[in-house]
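Observations on the three-dimensional arrangement
Below, each chain spelled out in residue letters.
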Amino acid sequence: MRVLSIPAEHPYTQAIRPAGVAYLPDPDIDGHWWPHPALEAGYWRGEEREPDPADVVHIHFGFESFSPEHLREVVDVAHELGKGVVVTVHDLRNPHIKDPAAQLSRLDALVPAADAVITLTQGAADAIQARWGRDAVVVRHPHIVPLDV
């Protein structure tokens, strides 16, 4: 199985990789996570590059600037192409977005459509179950700074 995490270079997406799974690097994005080209339906259709070798897209960060409709189109295209979609609900309330309803509307598009949902705490998993009726796998955030720092 080959996975493209969005973004692939984020410490969380790098730390939760199970053995035996191939993880693809970010496309050439010059170190910027936004906007990530894989959050465009055309990316998955191969309109902007060669067809992608990923079997699964893992949406973690970088979707804050897209409309719910746009995100749903990306998921729909991935599914049409036979790709699995995993969503990490890292933020039920994104601290960078003033209106919490905006984050929830994006998650309203992503969480129900995902093949699997990941989150960081049991409390978040409970909130996901209450709002969307989805079971989320809890994968705690790993240390990204050495413990002695």
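Structure: see above.
Worth saying up front: this structure is predicted, and the values here are computed from it rather than measured.

**Details of the pattern of salt bridges**
Close approach of charged atoms lets side chains of opposite charge pair. A full pass over the atoms with the stated rule returns 4 salt bridges. The residue E73 makes a salt bridge to R45 at a minimum N-O spacing of 3.6 Å. Of the two residues, E73 sits in helix α3 (residues 68-80) while R45 sits in helix α2 (residues 41-45), which places them 28 residues apart along the sequence. Accessibility expressed as a relative area gives 42% for R45, which makes it partly exposed. Here D76 and R72 are joined by a salt bridge, their closest N and O atoms 2.8 Å apart. With D76 and R72 both in helix α3 and 4 residues apart, the pair spans about one turn of that helix. For D76, a relative accessible area of 29% puts it in the partly exposed group. Taking the relative accessible area as the measure of exposure, R72 reaches 37% and is therefore partly exposed.

Each value, and the rule that gives it
- Residues numbered from 1 in each chain as written.
- Predicted model: local features only at pLDDT ≥ 70, side-chain atom pairs only at ≥ 80, totals over all residues.
- Heavy atoms only, no water.
- Salt bridge = Lys/Arg side-chain N within 4 Å of Asp/Glu carboxyl O.
- Helix = DSSP H or I, 4+ residues; strand = E, 2+ residues; numbered from the N terminus.
- Buried < 20%, exposed > 50% of the residue type's maximum accessible area, 1.4 Å probe, protein only.

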